[in-house]
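Inside the fold
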Amino acid sequence: MKLSYVLQRILHTLFVFAIVVTLCFFIPRIGVEDPCERYYPSQGNMSDEDYEVIKQLTREQYGLDGSSWSQYVRYIRQLLRGDLGNSYQAGSPKVAALIAQRLPWTLVLSVSSTLISLLLGILIGARCAARRGGRGDRLLLNASTITTAVPSFFIALLLSFLLGFQWEVFPAYTDQNMVSGFGWNWESLGTVAYNAALPVLSTVIGGIVSYAQSTRNSVIAVANASFVVTARAKGVPRNRVVYRHILRNALLPIITSLGMGLAGLISGSVVIEQIFNWQGIGTLYLEANNNNDYPLMMGIMIFMTAVALAGNLIADFCYVLFDRRVTLGRERG
């Protein structure tokens, strides 16, 4: 992998990240004359002069004094130090601390869903490609059509109704004592797995079908490529053809899907968390939005953006490692 390629991709990622940070800062302020207005106490018998003093003190407390540009410069300086600011919640907790508190619970859903979807999807897709046109292959194609048309939140609602309320196999809503009373023991881990069953299943169904369909199409395309036919004609052993030629090149579209999956590890579970009342980052973002908590909303969006860009960057680097033909555009030709 050339150093110039790595540097170009990193600089491009940082440029996109800077644009997103700027948009996250200014968009919530569009059309809002005074973002701090809802935090002013009722005027009551106060004089106008005292009320103006309270307004100014409140703006200074939340860092909303001065022009939007000066606030932006101050926010960027804090961000460069790794400080996402303070939330408007009681006690003004750090945004980074609130995110760190909810992040493990989001990762419980997203990481487990991704691993299960990837493993089963590759196995099912490879099997369907090996038996192209069979019953399993036709079933996969039909399932792909259905999962493409049906959003994951509808699957979540359906599972919640059937397995949660109707048959009571799994809890329809997360037990809040699971978070407060969690400890690193088998009982707590079993409680987490039991409560996470429906949220994970809601995401896994579409993920398995997506990875399986991608693997199937990729394996079939690569198996008919000219270099595979040439390798077989030269008498290259079958296992070497499969693992050295077909599988390595068939992984490229899967890497793309996995990179997009990494990008959605955090942001993709917002609706699912809300449906099952799972106390993750998605639920935290909705709480911040309902309370007009600008620093917390910006911090979560910036964190989600960083994860998404990191996922795309990792996918780009993996592409180069698996396929040496991938280069910068100007180096081709």
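Analysis parameters
- Residues numbered from 1 in each chain as written.
- Predicted model: local features only at pLDDT ≥ 70, side-chain atom pairs only at ≥ 80, totals over all residues.
- Heavy atoms only, no water.
- Helix = DSSP H or I, 4+ residues; strand = E, 2+ residues; numbered from the N terminus.
- Buried < 20%, exposed > 50% of the residue type's maximum accessible area, 1.4 Å probe, protein only.
- Contact = heavy atoms within 4.5 Å.
- Areas by Shrake-Rupley, 256 points an atom, 1.4 Å probe, with all protein chains shown as cover.
- Salt bridge = Lys/Arg side-chain N within 4 Å of Asp/Glu carboxyl O.
- Expected span 1.5 Å × (residues − 1).
- Bend = angle between axes of the 7 residues up to and from the residue.
- pLDDT = per-residue confidence, 0-100.
- Axes fitted to C-alpha atoms, helices over the stretch in contact; angles between N-to-C directions.
- Parallel < 35°, antiparallel > 145°, perpendicular 65-115°, else oblique.
- Left-handed = near helix turned anticlockwise from the far one by under 90°.
- Nonpolar A, V, L, I, M, F, W, Y, C, P; charged D, E, K, R; others polar.
- Phe/Tyr/Trp six-rings, centres within 6.5 Å; stacked < 30°, edge-to-face > 60°.
- Core = buried A, V, L, I, M, F, W, Y, C linked by side-chain atoms within 4.5 Å.
- Polar contact = N/O pair within 3.5 Å; in protein donor to acceptor, adjacent residues only side chain to side chain.
- Patch = residues over 30% accessible without salt bridge, like charges linked within 9 Å, V, L, I, M, F, W, Y side chains within 5 Å.

For the protein, the helix and strand inventory stands at 13 helices and 0 strands. Along the chain direction, N to C, the helices and strands of the protein fall in the order α-α-α-α-α-α-α-α-α-α-α-α-α. Going through the 333 residues of the protein one by one, you find that 39% of them count as buried. Counting contacts in the protein only where the partners sit at least 6 residues apart, residues at least 24 apart contribute 73% of the total. For the protein, the accessible area works out to roughly 19000 Å², and carbon and sulfur atoms hold 62% of it.

Right, let's talk about the pattern of salt bridges for a bit. For the coordinates displayed, the defined rule picks out 5 salt bridges. Salt-bridge contacts for arginine 9 lead to aspartate 316; the nearest nitrogen and oxygen are separated by 2.7 Å. Taken together, the residues span a long stretch of sequence, with arginine 9 in helix H1 (residues 3-26) and aspartate 316 in helix H13 (residues 294-322) at a distance of 307 residues.

Here helix H6 (residues 152-166) spans 20 Å end to end across 15 residues, near enough to the 21 Å set by a 1.5 Å rise per residue. The principal kink in H6, of about 25°, is found at serine 160. Within the span of H6, buried status applies to Ile155, Ala156, Leu159, Ser160, Leu163 and Gly164. Taken together, the buried residues of H6 touch helix H8 (186-223) and helix H11 (270-275). Of the residues trailing H6, glutamate 168 is marked for its positive phi of about 55°.

Per-residue confidence for the protein averages 84 on the pLDDT scale, and 90% of its residues sit at or above 70. Looking at the elements of the protein, mean pLDDT is at its lowest for helix H10 (residues 238-267), recorded as 71, and at its highest for H6, recorded as 91.

Direction vectors running N to C along H6 and H8 enclose 135°, while the axes themselves pass 9 Å from each other. Taken together, H6 and H8 sit at an angle that is classed as oblique. The handedness of the crossing between H6 and H8 comes out as right-handed. In contact with Ser152, Ile155, Ala156, Leu159, Ser160, Leu163 and Gly164 of H6, H8 contributes Leu198, Leu201, Ser202 and Ile205. For the contact of H6 with H8, the per-class residue count stands at 7 nonpolar, 4 polar and no charged.

Looking now at helix H12 (residues 281-290). Taken as a whole, H12 has its buried residues at Ile281, Gly282, Thr283, Leu284 and Ala288. Directly beyond the C-terminal end of H12, a positive phi value near 55° is found at asparagine 292.

For asparagine 277, which is not glycine, the phi dihedral falls at a positive 55°. Looking at the element boundaries, asparagine 277 is found in the loop between H11 and H12. What makes asparagine 277 partly exposed here is its relative accessible area of 30%. Notably, asparagine 292 is not glycine yet its phi reads approximately 55°, a positive angle. Relative to the helices and strands, asparagine 292 resides in the loop between H12 and H13. Asparagine 292 sits in the partly exposed class, given a relative accessible area of 30%.

Before going further, it helps to spend a moment on the packing of aromatic side chains. Using the criterion set out here, one finds 10 aromatic pairs in the structure. Ring plane angle 80° and centroid distance 5.6 Å describe the contact between tryptophan 105 and phenylalanine 182, whose orientation is recorded as edge-to-face. Pair noted here: tryptophan 105 is in helix H4 (residues 95-130) and phenylalanine 182 is in the loop between helix H7 (177-180) and H8, with a separation of 77 residues, a long-range link. The buried category is assigned to tryptophan 105, whose relative accessible area is 12%.

Residues Leu296 and Ile300 are the most contacted members of the largest nonpolar core, which totals 29 residues. Listed by contribution, the elements that provide at least two residues to this core are H1, helix H3 (68-80), H4, H12 and H13. Ranked by residues supplied to this core, first place goes to H13 with 7 residues. If we ignore the near neighbours within four places in the chain, the residues touching isoleucine 300 are Ile99, Ile281, Leu284 and Tyr285. If you look at the next biggest cluster of nonpolar residues, it comprises 11 residues, including Ala129, Val219, Ile220 and Val222.

Time to look at the side chain of serine 202. Looking at where serine 202 falls in the secondary structure, it is placed in helix H8. A distance of 2.7 Å separates the side chain of serine 202 from the backbone oxygen of leucine 198, its partner in a polar contact. Not counting chain neighbours up to four residues away, the residues in contact with serine 202 comprise Ser152, Ile155, Ala156, Leu159, Ile272 and Phe276.

The next subject is a nonpolar patch on the surface. Where nonpolar side chains cluster on the molecular surface, the patch consists of Phe15, Ile19, Leu23, Ile27 and Ile30 and spans about 520 Å² of accessible area. Position of leucine 23 relative to the elements: it lies in helix H1.

Taken N-terminus to C-terminus, the directions of H4 and H8 make an angle of 35°; their axes are 6 Å apart at the nearest point. Where H4 crosses over H8, the two elements pack in a sense that is right-handed. Of the residues assigned to the contact of H4 with H8, the class counts are 21 nonpolar, 9 polar and 1 charged.

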